[in-house]
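# Commentary on secondary and tertiary structure
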Amino acid sequence: MLSPSVISTVTAAFLGSFVEVVEAFTIVLAVGITRSWRPALTGAALALALLVVLVLIFGPLFALIPLQALQFVVGVLLLLFGMRWLRKAILRSSGFIPLHDEAKAFAEETDLLKRQAADTRADRLAMLAAFKAVLLEGVEVVFIVIATGTAHGLTFYAGLGALAAVVLVLLIGLMVHRPLTQVPENALKFAVGLMLTAFGIFWTGEGLGAAWPGADLTLPGLLVILGAASALAVKMKRDTLQGALQ
C-alpha cells in the first residue's frame, strides 16, 4: 500500500505538470497549424534536449546537500512557488483577474504567427516560439518534480506523475488536434497551488527540525486548512469587488 507521502507526491507532480504541459502544447499546436510542423517539432525537440542536459548536470548535485538543509531550501522555494500559484488562483476565482483561456492563448499565438508569415525569418521565429514555450514550461515541470520528490527521496514517483501528465496531454492532443479548452485549468492551478504550498510548509518545518504530529498524515490536514483559508480569501475578494462595482 502506498504511503500518503507517495500519493500526495505523485498527485502534486501530475497535476502541476499537466497544467504546464497543456500550456506548452497550446503554443506548439498553434505553431504547427499556422506555420508548419517542422519548426514546431524542431523547437520542441531542442527544448526537451536542453532540459535533459540541465537535469543530468544539476540533478546529481542535490545528492551532495545534507537532507535537512535540502528539505529547508526546497520547502522555502516550494512555499514561494505554491503561494504564487495560489494567489493567482484566488484572484481569478474572485474575478479580480480574468480566467486563463487556452482558446484565447491559441488565437493570440496564431495571429502573431500569421503576421510574421511574410517575414523571411518566419520559420525561425516559429521554431523559437515553440522552443521558448516548451523550455519555460518544461523548467517548471522539472522544478515541480525536484521540489515534490527530492526532499523525501521520492523523485522517482514524482517523475512518474509528471511523465503520466505528459503522456496524457499528448494522447488527448493527438486525438482532438486542437487546444485543450475543456481542461479545467484554473481549477487545477488552484489545487496545485494548495498542494505545493502544503508541501512547502511541511518540508520547511522538517528542515527546521519540527516534529509534525502524525508525520506524513499532517499533509491532508494542511490541505484542509489552506483550502478553507483560500475559500475565505476568495469570498472576501469577491465581496470587495462587488462593493467597488456598486
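Refer to the structure printed above.
Rules of the game
- Residues numbered from 1 in each chain as written.
- Predicted model: local features only at pLDDT ≥ 70, side-chain atom pairs only at ≥ 80, totals over all residues.
- Heavy atoms only, no water.
- Core = buried A, V, L, I, M, F, W, Y, C linked by side-chain atoms within 4.5 Å.
- Buried < 20%, exposed > 50% of the residue type's maximum accessible area, 1.4 Å probe, protein only.
- Helix = DSSP H or I, 4+ residues; strand = E, 2+ residues; numbered from the N terminus.
- Patch = residues over 30% accessible without salt bridge, like charges linked within 9 Å, V, L, I, M, F, W, Y side chains within 5 Å.
- Areas by Shrake-Rupley, 256 points an atom, 1.4 Å probe, with all protein chains shown as cover.
- Salt bridge = Lys/Arg side-chain N within 4 Å of Asp/Glu carboxyl O.
- Contact = heavy atoms within 4.5 Å.

So, on to the nonpolar core. Side chains of nonpolar character tend, in soluble globular proteins, to be buried together. The biggest cluster of nonpolar side chains holds 39 residues, and the ones touching the most others in it are Phe 18, Leu 78, Val 169, Phe 190, Phe 199 and Trp 203. Elements represented by at least two residues in this core include exactly helix 1 (4-34), helix 3 (67-94), helix 5 (122-149), helix 6 (155-176), helix 7 (185-207) and helix 8 (218-245). Looking at this core element by element, the count peaks at 10 residues for helix 7. The next biggest cluster of nonpolar side chains, apart from the first, holds 11 residues, and it includes Val 28, Val 31, Ala 130 and Leu 135.

On the surface, a nonpolar cluster with roughly 640 Å² of combined accessible area is contributed by Leu 50, Val 53, Leu 54, Ile 57, Phe 58, Leu 61 and Leu 64. Looking at where Leu 64 falls in the secondary structure, it is placed in the loop between helix 2 (37-58) and helix 3.

As for its position among the elements, Ser 230 is in helix 8. You can call Ser 230 buried: its relative accessible area is 3%. Sequence-distant contacts of Ser 230, that is, excluding residues within four places in its chain, are made with Leu 86, Ile 90, Phe 190 and Leu 194.

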